[in-house]
Amino acid sequence: LETCYISSGCNRTPLCMDWGKNNLVCYGSRNAINIYKPEGESGRRVLKTLSSHRDRVNSVRWIRSTTKIYETELVTASTDHTAIVWTLIEGDFLPQAHLTEHFGPINAIDAIYRKGSDPKSVILVSASGDSSLKIWERNGDHTQKFNCIETISLKTGLCFCVQIIVLSEVETPILAFATDTCQIHLYLLGDHCTKLISLSGHEDWVRAIDFTNLGNGNMFLATSSQDTTVRLWKISESYDEPDDGSFKLSKVEFNVDGIKFSVGLESVLCGHEGWVYGLQWVPESGNTPTLMTASLDRTIILWSPHPESGVWLERVRMGELGGNTLGYFGCKFSPSGEQILAHSYQGSFHMWINEEGQWKPGVTIGGHFDSVVDLGWEKQGRYLLSTGLDQSTRLHAPWVQESTDEWSWHEMSRPQVHGYAMNCLAILPNFSFVSGAEEKVARAFKAPRNTLENLSFLSNVHIEELLLEGSVTEPTGAAVPALGLSNKAVYSDKEATARLHPDNPKDEYSETYFVAQHFKEPANEDALLQNTLWPEVMKLYGHGYEVFSLAATHKGDLIASSCKATSMEHAKIFLWDTNTWEKCDELAGHQLTITQMAFSPNDFYLLSVSRDRKWCLFEKQEFGKYFLKATTDKATGIHSRIIWACAW
């Protein structure tokens, strides 16, 4: 067996993704860390999943070097109070060190290889919710232990981001970190950890720090904040200047290894309208620095100084339009600086590629950003549907590139974006499915013509001509009205849309946001959210509590549904005829919530399991009715705990 597809979103934390010089992206996905290759041979997919943490991963970093060698180690920090160092050994990343001295969640981490005689010696800094920072050191390669050499107490304060920086012509590293006092503190990481200076100016918490060394004596420290601004601090060697009475910018001085440096405010960048969470300098930028910032206002901006005046200006602005989402939690450049990868509040990734000076959207991966609760194959295996607690249902299929004979799996459509957490789904023939959420209603969906055309082109899926041709009365797509939960059908003929689904005459603007698109490559996040929805064809009412489990016959003529239950009255299975969408039977046998149901391959039997630790088998008899054939009780049952799943 070989893994060919891993679909998983990024955690909703600002420091949860990093792109190394080895051209691999590491990101946290709940308790795991995924290693993602964005391009090249066997690229555009998650290569490995690293599992060792017991709670959400908050921060991930490749262990950086001051030279241009590829990274082979990464460090991850989690809510489970631990940090783990992973080392690449014989093609696999293995956990080599567990750092466990913190008493609270670790929310920021950074590590670099020391300059000097031993190239594998590491200095590592972790910041925790226990109001402390710990400095760790490893003398030697991955076979050596990490030792905590210093603890910086913040009393009752919190640290949001850390970075270890190395100034030019200096071997001793410097620690920069930001706290809830809205200040940036610089500490010297020598034999003893000593405070150098504190930088003030931001009016809200600082959420990201990045440093660049231009190689010409100029070094910049950039800090971004929840006050929507970015501040640039210029660090340079300090020389005694005679006082000639002229105005000068105020600077703060400090000493490192006998060399005097000064820090002064270079510029304040104001262009975002939301909290600025992401920040990075362009790698290999030469003498002209370029800074990237990402904000919750759904924009990413590239800044650089004017070649003559030196004034920092906005050069490029990227982002997403449409959809009801928040913005970006982080952004990273590729090693070449020609690609940008950002992750957003919805756990999705966004990529832009520089093509002759134009930044254009690229193909990336995606996935649920909360637990996946149900999934199923289409009857002919043409695509996979999954649904989860992130209130969405997603369609996964291979992208077949006929020109290069390459194929890779991607999310091709998002049939349902709901307002409640999803519980279950059942796949029907002819590109249809039924889903249940934390509500008393099950909803049936059918693929619109635009989705079928895109699936046929991108995945080389054979679709019957009858489904593709359609008429004016068949929907082209779907849209969700404001404050609504139902996917409303949209037709190619606007008059048909207005006639079949009339808007409220009091509404000043139309609520139809769908635009039919013919994709040449898998859709990006804003297109998935807005232009790949499936119209809802029916609601199935009848259950007294939230729908919890669904199953469909292999022919697709019957749907079985069940809801949350604490009594036999509500723990019944409802059978629905998919031709008329009417309830045709009720099956009793359980006392508590039915957790899963499954029809036999010939549809003659229906098996159900429940929280009451029983299974029930229903047999199809004359007139298509199902009757209880066999069940277990306390005397005959083998299971002593809840039965969660069943299959034929």
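Residues numbered from 1 in each chain as written. Predicted model: local features only at pLDDT ≥ 70, side-chain atom pairs only at ≥ 80, totals over all residues. Heavy atoms only, no water.

Remarks on the overall build of the chain
Definition in use: The secondary structure listing takes helices from DSSP runs of H or I that are at least 4 residues long and strands from runs of E that are at least 2 residues long, numbered from the N terminus. Radius of gyration: over C-alpha atoms. The globule rule applied is 2.2 Å multiplied by the number of residues raised to the 0.38 power. Any residue under 20% of the maximum accessible area for its type is buried, any over 50% is exposed, and the rest in between are partly exposed; the area is computed with a 1.4 Å probe on protein chains only.
Scanning the chain for helices and strands turns up four helices and 47 strands. A compact globule built from 648 residues would reach a C-alpha radius of gyration of about 26 Å, and the chain, at 29 Å, matches this within 12%. Once the C-alpha set of the chain is aligned to its principal axes, its extents read approximately 100 × 65 × 50 Å. In the chain, which comprises 648 residues, the proportion classed as buried is 54%.

A closer look at the UniProt feature "repeat: WD" (unreviewed entry) in the chain
Just so we agree on the cut-off: UniProt positions are given in the numbering used here, feature names are shortened, and annotations may be inferred rather than shown by experiment.
Here, UniProt's "repeat: WD" (unreviewed entry) annotation points to residues 50–96, 199–236 and 269–304. Structurally, residues 50–96 comprises 0% helix and 55% strand, and the distance from its first C-alpha atom to its last is 12 Å. In residues 199–236, helix accounts for 0% and strand for 63%; the two terminal C-alpha atoms are 15 Å from one another.

Side note on the environment of Thr299
Here is the rule we go by: Two residues form a contact once any of their heavy atoms are found within 4.5 Å. By the criterion applied in these results, polar contacts are pairs of N or O atoms within 3.5 Å in which, for protein atoms, one can donate a hydrogen and the other can accept it, and in which residues neighboring in sequence qualify only through two side-chain atoms.
Mapped onto the elements of the fold, Thr299 is located in strand 24 (residues 299–305). A C-alpha to C-alpha distance of 9.7 Å links Thr299 and Val276, two positions 23 residues apart in sequence. Sequence-distant contacts of Thr299, that is, excluding residues within four places in its chain, are made with His272, Thr293, Ala294, Arg317, Met318, Gly319 and Tyr328. Polar contacts involving the side chain of Thr299 include one to the side chain of Asp297, which spans 2.6 Å.

Quick word on the sheet that holds strand 46 (residues 615–620)
Our working definition: One bridge is not enough; two strands pair if DSSP finds at least two bridges between them. Axis lines are fitted to C-alpha atoms, over the contacting stretch for helices. Their N-to-C directions set the angle, which ranges from 0 to 180 degrees.
Taken in spatial order, the four strands make up an open sheet running 44-45-46-47, and their pairing is antiparallel. With partners counted over all chains shown, the strands left at the sheet margins are strand 44 (594–599) and strand 47 (626–631), one partner each. Ignoring strand direction, the axes of neighbouring strands in this sheet form an average angle of 25 degrees.

Comments concerning helix 1 (residues 449–458)
Most of helix 1 sits inside the fold, with seven of its ten residues counted as buried. Burial in helix 1 covers these residues: Arg449, Asn450, Thr451, Leu452, Asn454, Leu455 and Leu458. Phi turns positive, to about 55 degrees, at Asn460, one or two residues after helix 1.

Observations regarding the sheet that holds strand 33 (residues 406–417)
With antiparallel pairing, the four strands of this open sheet are ordered in space as 30-31-32-33. At either margin of the open sheet sits one strand with a lone partner, and together these are strand 30 (372–377) and strand 33. Each neighbouring strand pair of the sheet contributes to a mean axis angle of 25 degrees, computed without reference to strand direction. Pairing geometry for strand 31 (residues 384–388) and strand 32 (residues 392–401), over four bridges, is antiparallel. Directly across from Ser386, in strand 32, lies its bridge partner Arg394. With respect to the sheet, helix 1 is in contact with strand 32 and strand 33, its orientation differing from that of strand 32 by roughly 35 degrees.

Section: unusual backbone geometry
The phi angle at Arg298 is positive, at roughly 70 degrees, despite the residue not being glycine. Counting through the fold element by element, Arg298 comes out in the loop between strand 23 (291–295) and strand 24. One non-glycine residue, Glu356, lies in positive phi territory at about 55 degrees. Relative accessible area serves as the criterion here: at 85%, Glu356 is assigned to the exposed category.

Some words on the packing of aromatic side chains
Which entries qualify depends on this criterion: Only Phe, Tyr and Trp rings take part, Trp by its six-membered ring, and two of them pair if their centres are within 6.5 Å. Stacked means planes under 30 degrees apart, edge-to-face means over 60, and tilted covers everything else. Comment: the charge-over-ring label is applied if NZ (Lys) or CZ (Arg) is within 6 Å of the ring centre and within 35 degrees of the ring normal.
In the structure shown here, the tally under the stated rule is 21 aromatic pairs. Three or more aromatic residues link up through ring pairs in this structure, and these residues are Trp275, Tyr277, Phe329 and Tyr345. Taking NZ or CZ as reference, Arg12 lies 3.8 Å from the ring centre of Tyr345, over its face. Here the guanidinium or amino end of Lys620 rests over the ring plane of Phe604, the centre of that ring lying 6.0 Å away.

A short note on the domain arrangement of the chain
Stated formally: Either an automatic procedure or a domain database provided the assignment from which the domain bounds are taken.
One can read the domain layout of the chain as domain 1 (283–361), domain 2 (372–538) and domain 3 (542–631). Averaged C-alpha coordinates put domain 1 and domain 3 at centres separated by 52 Å.

Some details on the side chain of Ser608
As for its position among the elements, Ser608 is in strand 45 (residues 605–610). Of the residues examined, Ser608 reaches a relative accessible area of 0% and is grouped as buried. A polar atom in the side chain of Ser608 sits 2.8 Å from the side chain of His590. With near-sequence residues (within four places) excluded, Ser608 lies in contact with Ile573, His590, Ile594, Gln596, Met597, Lys614, Trp615, Cys616 and Phe618.

Some points on the pattern of salt bridges
For clarity, the threshold we go by: Counted as salt bridges are all cases of a side-chain nitrogen of Lys or Arg within 4 Å of a carboxyl oxygen of Asp or Glu.
Taken as a whole, this structure holds 23 salt bridges when the rule is applied. In this structure, Lys539 and Glu536 form a salt bridge, with 3.0 Å as the shortest nitrogen-oxygen distance. Residue classification places Glu536 among the buried positions, given a relative accessible area of 14%. Salt bridges linked by common partners bring Asp18, Arg61, Arg64, Asp110 and Lys332 together as one network.

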